[in-house]
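So you can see what is in the structure, the chains are spelled out below.
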Amino acid sequence: MHSIDRLFEKSSRALAQRTSRRSLLAAFGQLLTGAVLIPLLPMDRSARAATPGAKSARDDPQSCDYWKYCAIDGFLCACCGGSSTSCPPGTAPSPITWIGTCHNPGDKRDYIVSYNDCCGKVSCGTCECNRNEREKPMYRPSRNNDLNWCMANADANYHCSVSVLLGVAEQ
């Protein structure tokens with residue numbers, strides 16, 4: 001181990017004799033400035049461009065940006081063994097729900113969506129999504145997503161949430 005210590009001591013002393021603290025600070029500053037400017041360099045991002053026929057996040061039930069999830073709060077059942085409309089095996093939908101009105105960009109219409117918590121297992125823990133578009137304060141519980149809706153079930157453990165279309169919203 002003494003040879004390694006001597007090597008580092010010799011190289012540090014040689015560096016100290018050739019440079020000053022100011023020059024080291026200047027070099028460090030240049031390095032930091034260069035590192036900050038790297039994201040500003042032009043890059044080819046064409047690989048990330050949408051290809052024809054590819055699903056966008058607004059049409060993917062496993063994405064928080066799915067249009068039906070405009071007022072959801074919780075883990076997406078589509079990532080937890082279920083689908084966007086059905087609970088995973090071993091869980092049961094809560095009989096009480098909250099509702100939202102979501103805009104479908106595909107057909108440019110608004111839909112009334114019921115959000116159901118799936119209960120009976122411990123939390124899924126994947127694909128957490130918390131969107132509060134048009135959420136009402138707590139004095140309107142049917143439009144609030146911050147309640148544990150599994151309290152109405154025999155097993156009050158929350159697992160994940162689904163969204164079910166109830167109909168087209170009337171203007």
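Parameters at a glance
Residues numbered from 1 in each chain as written. Predicted model: local features only at pLDDT ≥ 70, side-chain atom pairs only at ≥ 80, totals over all residues. Heavy atoms only, no water. Phe/Tyr/Trp six-rings, centres within 6.5 Å; stacked < 30°, edge-to-face > 60°. Helix = DSSP H or I, 4+ residues; strand = E, 2+ residues; numbered from the N terminus. Buried < 20%, exposed > 50% of the residue type's maximum accessible area, 1.4 Å probe, protein only. Polar contact = N/O pair within 3.5 Å; in protein donor to acceptor, adjacent residues only side chain to side chain. Contact = heavy atoms within 4.5 Å. pLDDT = per-residue confidence, 0-100.

### Quick look at the packing of aromatic side chains
The tally for this structure, following the rule as stated, stands at five aromatic pairs. Ring centres of Trp-98 and Tyr-115 lie 5.6 Å apart, and the angle between their planes is 20°; this geometry places the pair in the stacked category. Taken together, the residues span a long stretch of sequence, with Trp-98 in strand S3 (residues 98–104) and Tyr-115 in strand S4 (residues 109–119) at a distance of 17 residues. The pair formed by Trp-98 and Tyr-115 is uniform in burial state, with each residue classed as buried.

### Some details on the side chain of Lys-68
You can see Lys-68 is positioned in the loop between helix H2 (21–37) and strand S1 (73–75). In terms of polar contacts, Lys-68 uses its side chain to reach the backbone carbonyl oxygen of Ser-163, at 3.4 Å. Every residue in contact with Lys-68, bar those within four places of it in the chain, is listed here: Ser-84, Thr-85, Cys-102, Val-113, Tyr-115, Ser-163 and Leu-165.

### Regarding the confidence of the model for the protein chain
Per-chain confidence: the protein chain averages 82 in pLDDT, with 82% of residues scoring 70 or above. Within the protein chain, the lowest mean pLDDT, 86, falls on S3, and the highest, 91, falls on strand S2 (residues 92–93).

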